[in-house]
Amino acid sequence: MTSKERHEARYQRRKAKRDLKRKEKLGKYDNFERVSNADNLYTAFKDSMRGVAWKESVQRYEANALRNIAETQRKLLAGESIQQGFVEFDLHERGKTRHIKSIHISERVVQKCLCDQVLVPILSDGLIYDNGASIKGKGTHFALKRCITHLTRFYRHNNYSNDGYALLIDFSKYFDSIDHRILFYFLGKKIKDPQIRSLVKNFVSVFGEGKSLGLGSQVSQICAVYYPTMLDHYIKENLRIKYYGRYMDDMYLIHGDKKYLEQCLNGIKTVCKRLKITINEKKTRIVKLSQGVRFLKGNYSLLPSGKILRRPCKESAKRMRRKLKKFRKLLNEGKMTNRDVWTSYQSWRGNYRRRFNAYYRVRYMDKLYNELFINNR
C-alpha cells in the first residue's frame, strides 16, 4: 500500500465519520411527518400571521383555522396540490421594478412549516458562518458587524496598516438566474425524503420553467441563500480568503494583495459559470480599504489609525428628503397624520444614527423636517 493510498484511506475514514455524525444530527429533520403534523402546521400559521393579521384573507383563514389546518394536512398526506396561484403586482423600489408573486395564506402556512421544520435546519448546517441572510440570530446587523470585525482583524494582522484591498462582487438578476436543475441537485444531496423533495420542487417550479425563483416565497428565500454555498466554500477553502462575507448576492473579499484578488475574481467567475449565475460587471470592482468597502447600503473605510469610518450611501438621504416633501403634501390632503410622518422619520433617523457616522447629515435632515412639519403648522 503506497503512501498516497494510505492518505486516501484515512480521508475516506474521516469522511465516513463526518457523514455519520451529520446524519445523526440532521436525520430527524429529513422526515415528511414534520411537515404534515397538525401541531407544526398550526404553529406555522400563528407565525405567518405576524405583521399581516389585519388582512382579510388571513382573518378568514383564522376564523376556521382548525378546519383549514385539517384540510391542508389531508392534502399533504394524499399528495394533492395545495397551491392556489398568486397575487401578482409590481413593486418600484430605488429605480428598479420588481414583479412580485405573493402566495395565499394557506400555501404560506405550508411553506413556513416546511422551512422551519425541515429546510432551514438542514440547509443552514452547510452554510459558512459569515453568511448572515435569512438565518435566525443573524441578519443585516450581524453581516455589518462581521464586516467591521474583518476590517479590524485585517488591520491588526497587517502590522497595524490599512494598506489592503477589497474585492466587491454583486450578482446580476440573482433570483432570475438560479437554475432549477442545479438547485435540485444540491437539495437532493442534503434531503433524502422523496415527499419533501417533491414538495420543494412543486413550490420552486411554479416560478418558471427550469429557471428563476419568486420574491414572494419563503422556500425561494432559503433556496437562494443556500444556492451559492459551493462558491462560499471555494472562497474560504480553496482561495483561503479569511476575511470574506456574503449577504444574499452582495459579497466582499479582503486581502493585502491586489493581484491575488484579481486571480480570485477569475476563479470566482469560473465557479459562477458552473452555477449559471452572472456577475454584475458594473458593481464588481477592487477598491482600497481606505476608499471604503461598500456593503449593504453603507461604506466602511479603514483609516490609517485603525478607526473604521461608517458612512451612509448618499442615495438614502436623497430618498428621505423626497419622502418628507411628499409627506407634507399628503399631510395637507389629509391622507397622512402627524403621527405617521413622525414614526416614519424617527425610524429612518434611528437607523441612521445607530449604523453610521452621519451627525451633520442627520442635523440637516432634522432642519428640513422642522421646516416642513414643526414651523409650518
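Residues numbered from 1 in each chain as written. Predicted model: local features only at pLDDT ≥ 70, side-chain atom pairs only at ≥ 80, totals over all residues. Heavy atoms only, no water.

Asks: Give a description of the packing of aromatic side chains that names residues and reports values.
Replies: Under the criterion given, the structure shown has 16 aromatic pairs. With a centroid separation of 5.9 Å and an interplanar angle of 50°, the aromatic rings of Tyr185 and Phe186 are classed as tilted. On the basis of relative accessible area, Phe186 is assigned to the buried category, the value being 15%. Arranged with centres 5.1 Å apart and planes meeting at 80°, the rings of Tyr359 and Tyr360 form a pair that is edge-to-face. Judged by relative accessible area, which is 55%, Tyr360 ranks as exposed. Members of the aromatic cluster, each reached through a chain of ring pairs, are Tyr345, Trp348, Tyr352, Phe356, Tyr369 and Phe373. For Lys201, the ring lying beneath its charged end belongs to Phe184, and the centroid distance is 5.5 Å. (Phe/Tyr/Trp six-rings, centres within 6.5 Å; stacked < 30°, edge-to-face > 60°. Buried < 20%, exposed > 50% of the residue type's maximum accessible area, 1.4 Å probe, protein only. Lys NZ or Arg CZ within 6 Å of the ring centre and 35° of its normal.)

Asks: I'd like a description of a positive patch on the surface, backed by residues and values.
Replies: Side chains of Arg6, Arg10, Arg13, Arg14, Lys17 and Arg18 sit close together on the surface and give a patch of like positive charge. Positionally, Arg18 belongs in helix 1 (residues 3–26). A residue is classified by how much of its surface remains accessible, and Arg18, at 41% relative accessible area, is partly exposed. (Patch = residues over 30% accessible without salt bridge, like charges linked within 9 Å, V, L, I, M, F, W, Y side chains within 5 Å. Areas by Shrake-Rupley, 256 points an atom, 1.4 Å probe, with all protein chains shown as cover. Salt bridge = Lys/Arg side-chain N within 4 Å of Asp/Glu carboxyl O. Lys, Arg positive; Asp, Glu negative; His and termini not counted. Charge placed at Lys NZ, Arg CZ, Asp CG, Glu CD. Helix = DSSP H or I, 4+ residues; strand = E, 2+ residues; numbered from the N terminus.)

Asks: With reference to specific residues and values, describe a nonpolar patch on the surface.
Replies: Taken together, Val87, Phe89 and Leu91 make up a surface patch of nonpolar side chains, about 240 Å² in accessible area. By the secondary structure assignment, Phe89 is in strand 1 (residues 86–93). By relative accessible area, Phe89 is classed as partly exposed at 38%.

Asks: Account for unusual backbone geometry, naming residues and giving values.
Replies: Positive phi, normally seen in glycine, also occurs at Lys173, with a value near 45°. Relative to the elements of secondary structure, Lys173 occurs in the loop between strand 3 (165–172) and helix 8 (174–177). Positive phi outside glycine occurs at Arg240, with the angle close to 60°. Judged by its relative accessible area of 65%, Arg240 falls in the exposed class.

Asks: Residue-level account of the environment of Leu76, with values.
Replies: Looking at where Leu76 falls in the secondary structure, it is placed in helix 5 (residues 65–78). Here Leu76 falls in the buried class, since its relative accessible area comes to 5%. Through-space distance from the C-alpha of Leu76 to that of Ser36 is 6.2 Å; in sequence the pair is 40 residues apart.

Asks: Quick rundown of helix 10 (residues 194–205)? Include the residues and the values.
Replies: Relative to the 16 Å expected for 12 residues at 1.5 Å per residue, helix 10 spans 16 Å between its end C-alpha atoms, a close match to the ideal helical length. All of the buried residues in helix 10 are Ile196, Leu199, Val200, Phe203 and Val204. Down the axis of helix 10, the sector holding all buried residues measures 130°, keeping them to one side. The backbone nitrogen of Gln195 has a side-chain oxygen 2.9 Å away, supplied by the residue at the start of helix 10, namely Asp193. (Expected span 1.5 Å × (residues − 1). Arc of directions from axis to C-beta. Polar contact = N/O pair within 3.5 Å; in protein donor to acceptor, adjacent residues only side chain to side chain.)

Asks: I'd like a rundown of the pattern of salt bridges, residues and numbers included.
Replies: Throughout the structure, instances matching the rule amount to 17 salt bridges. The salt bridge involving Arg246 is made with Asp232; its shortest N-O contact spans 2.8 Å. Placement of Arg246 in strand 4 (residues 243–247) and of Asp232 in helix 12 (residues 229–238) is noted, with a sequence separation of 14 residues between them. Classification of Arg246 as buried rests on a relative accessible area of 0%. With a relative accessible area of 0%, Asp232 lands in the buried category. In this structure, Glu333 and Lys335 form a salt bridge, with 3.6 Å as the shortest nitrogen-oxygen distance. Of the two residues examined, Glu333 and Lys335, each falls in the exposed class. Here the salt bridges share partners, and the residues they tie into one network are Lys15, Asp19, Arg22, Lys25 and Asp125.

Asks: Break down helix 14 (residues 314–332) for me, with residues and values.
Replies: The α-helix advances 3.6 residues per turn, and as a result positions three or four apart in sequence lie on the same side. End to end, helix 14 covers 28 Å across 19 residues, agreeing with the expected 27 Å (1.5 Å per residue, within 8%). Taken residue by residue, helix 14 has Ser316, Ala317, Met320, Leu324, Phe327, Arg328 and Leu331 as its buried positions. For helix 14, the buried positions fall inside an angular range of 120° around the axis, keeping them on one side. Exposed and oriented more than 90 degrees from the buried face of helix 14 are Lys314, Arg322, Lys329 and Asn332.

Asks: Just give me the short version of the environment of Asn131, but keep the residues and values in it.
Replies: Among the structural elements, Asn131 can be located in the loop between helix 6 (105–123) and helix 7 (140–157). Take Asn131: its relative accessible area is 1%, and that puts it in the buried class. In the structure, Asn131 is positioned 120 residues away from Met251 in sequence and 9.4 Å away in space, judged by C-alpha atoms. In this structure Asn131 touches Lys138, Val225, Asp232 and Arg246, once residues within four positions along its chain are discounted. (Contact = heavy atoms within 4.5 Å.)

Asks: Summarise the sheet that holds strand 8 (residues 293–295); cite the residues concerned and give the values.
Replies: Reading across from one edge, 8-9-10 is the order of the three strands in this open sheet, with antiparallel pairing throughout. Single-partner strands in this sheet number two, and they are strand 8 and strand 10 (308–312). With direction set aside, neighbouring strand axes in the sheet form an average angle of 25°. Strand direction decides the pairing type here: strand 8 and strand 9 (residues 298–302), joined by three bridges, are antiparallel. Pairing of Val293 across the sheet is with Tyr300, part of strand 9. Sheet strands in contact with helix 7 are strand 8, strand 9 and strand 10, and its direction is about 15° off that of strand 9. (Pairing = 2+ DSSP bridges. Axes fitted to C-alpha atoms, helices over the stretch in contact; angles between N-to-C directions.)

These results come straight from atomic positions and should not be treated as a statement about function.
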